[in-house]
Amino acid sequence: MRLLVTGGCGFIGSNFVRHVLREHAEDEVLNLDKLTYAGNPENLREVEGDPRYRFQRGDICEEEDVAQAFAWEPEAVLNFAAETHVDRSIASPEAFVRTDVLGTFRLLRAAQERGVRYVQISTDEVYGSIPEGSFREDSPLQPNSPYAASKAGADLLVRSYVMTYGLDAVIVRSSNNYGPYQYPEKVIPLFVTNLLEGRKVPLYGEGKNVRDWLFVEDNCRAIDLVLRRGETGEIYNVGGGQEKSNLALTRSILEIMGMGEECIQYVPDRPGHDLRYSVDCSKIRSLGWRPFTDFEGGLRETVRWYRENEDWWRPIKNGEFRRYYLERYGDI
Ligand code: NAD
Ligand code: DAU
């Protein structure tokens, strides 16, 4: 297949591009990425020489950039491009509305005009928080952060393009991903790299919030399956089935790295902090998917990757991230 991947220089997008080129010898990829602070060409250095891979720097909100990408005549588009960090969406929401909503609209319109299959990479955060039980694909959308609300808006636009224009589109809503190449603003790489730098780890509130951790390669297999076998108009939840409180997660990281609880710095909670995410994945399981990576193994592998790839994360932490970190966390 000829695949237009947007946001391929980010965390999940770059893992997905590597996955597709490895697993499908006949596939070709065009990666359309704006290279925001989160987009890093280093993430795809190893496939740059592959003749099946090409890169276009561009913005999904700009009609001309989108038209240029569609002129390559993709058979499907997978929209990973987004502003993705909840804390940044609380401080500066506008970029989230622009990219996550307007950008999705631009891609939907181009896909509809050219009859191209469309895969929206969404999130479990669109459902909001659930104290017990799990959200199904038909649960109401109750997003609580500007990030989650923007992603929910995008999902509703996708639905409207299916219902109104008959677009061949599907949506994948996954839980928290972790693994190699994740930008160190997200909790696991932030905590691991802080510890490697000899810093403490800033844990929000009392560390009681619960996330369901999904190894990124398991998510890439799920997205690949939905791309090829997902039914038009359907939504597929994808979760790791490995719920951990943030305190339990922090303790696991500390244990793997041989460090103690004195490395935890409790800091004020995130406003509107969702207590727990949980999705029912029976629908994608009925397509034959299940996660392969258990949390302990995936976390060890992730810690190993950050230990062995300081050349990847140190320039990020000493670059754009430094000012953001100092403003947010001070000298922790
Ligand atoms: P990321 O922040 O690591 O990367 C985002 C990428 O999108 C970057 O390469 C960036 O340059 C690019 N981008 C941003 N704005 C753009 C624009 N206007 N035009 C073109 N490119 C642009 O993101 P991620 O964590 O890999 O998430 C990828 C997708 O998966 C997002 O849609 C996100 O909402 C969704 N998601 C993420 C998680 C997670 O745990 N990380 C979980 C569920 C869903
Ligand atoms: O659930 C899927 C979502 O997971 C994705 O849609 C988002 O793009 C992705 O960023 C992620 O959102 P979270 O807010 O859950 O991820 P984050 O890594 O920012 O935080 C995970 C948990 O850790 C959350 O409960 C907040 C907490 N946390 C986070 C940071 C950055 C801390 O305690 N300290 C921190 O410094």
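My aim in this report is to walk through the structure given alongside it, one point at a time.

How each quantity is defined
Residues numbered from 1 in each chain as written. Chains lettered and ligands numbered in written order. Predicted model: local features only at pLDDT ≥ 70, side-chain atom pairs only at ≥ 80, totals over all residues. Heavy atoms only, no water. 1 Å grid on protein atoms, 1.4 Å probe; cavity = no way out; pocket = protein on both sides within 12 Å on 5 of 7 lines; lining within 4 Å. Points joined across faces, edges and corners; volume = space filled by probe spheres on them. Nonpolar A, V, L, I, M, F, W, Y, C, P; charged D, E, K, R; others polar. Domains from an automatic or database assignment. Pairing = 2+ DSSP bridges. Helix = DSSP H or I, 4+ residues; strand = E, 2+ residues; numbered from the N terminus. Axes fitted to C-alpha atoms, helices over the stretch in contact; angles between N-to-C directions. Near = heavy atom within 4 Å. Polar contact = N/O pair within 3.5 Å; in protein donor to acceptor, adjacent residues only side chain to side chain. Areas by Shrake-Rupley, 256 points an atom, 1.4 Å probe, with all protein chains shown as cover. Salt bridge = Lys/Arg side-chain N within 4 Å of Asp/Glu carboxyl O. Buried < 20%, exposed > 50% of the residue type's maximum accessible area, 1.4 Å probe, protein only.

**Describing empty space enclosed by the protein**
Move 1: What the rule picks out here adds up to three cavities of 30 Å³ or more.
Move 2: As for the second largest cavity, its lining consists of Val86, Ile90, Glu125, Asn144, Ser145, Arg211, Arg270, Pro271, Gly272, His273, Asp274 and Tyr277.
Move 3: Broken down by class, the residue content of the lining of the second largest cavity amounts to four nonpolar, four polar and four charged.
Move 4: When residues are assigned to domains, the lining of the second largest cavity turns out to be shared by domain 1 (2–175 + 215–238) and domain 2 (178–211 + 242–272 + 293–322), each giving three or more.

**Focus on the sheet that holds strand 4 (residues 76–79)**
Move 1: Taken together, the seven strands give an open sheet; going across it, the order is 3-2-1-4-5-6-10, and neighbouring strands pair in parallel fashion. The sheet is open, and its two edges are formed by strand 3 (53–57) and strand 10 (235–238), each paired on a single side. Direction aside, the axes of adjacent strands within the sheet are offset by 20 degrees on average.

**A closer look at the site of ligand 1**
Move 1: Close to ligand 1 lie 28 residues; Ile12, Asp33, Thr84, Tyr147 and Lys151 are nearest.
Move 2: The separation between an oxygen atom of ligand 1 and a polar main-chain atom of Phe11 is 3.0 Å.
Move 3: Within the backbone of Ile121, one N or O atom sits 3.4 Å away from an oxygen atom of ligand 1.
Move 4: When the free accessible area of ligand 1 is taken as 840 Å², the share hidden by the protein chains comes to 97%.
Move 5: For the shell around ligand 1, the elements supplying multiple residues, two or more each, are helix 1 (11–23), strand 5 (117–123), helix 5 (146–165) and strand 7 (176–178).
Move 6: Looking at which element gives the most residues to the shell around ligand 1, the answer is strand 5, with three residues.

**What about the pattern of salt bridges?**
Move 1: Inspection of every chain in the model, using the stated rule, returns 33 salt bridges.
Move 2: Close ionic contact of Asp59 with Arg98 constitutes a salt bridge, the shortest N to O distance being 3.0 Å. Placement of the pair is Asp59 in the loop between strand 3 and helix 2 (63–70) and Arg98 in helix 4 (residues 94–114), with a sequence separation of 39 residues.
Move 3: The exposure class assigned to Asp59 is buried, which follows from its relative accessible area of 9%.
Move 4: With a closest N to O distance of 2.7 Å, Arg270 and Asp87 form a salt bridge. With Arg270 in the loop between strand 12 (264–267) and helix 9 (282–285) and Asp87 in helix 3 (residues 86–91), this pair connects stretches of sequence that are 183 residues apart. Considered together, Arg270 and Asp87 belong to a single accessibility category, that of buried residues.
Move 5: Each of Lys34, Asp59, Glu62 and Arg98 takes part in one network of salt bridges that share partners.

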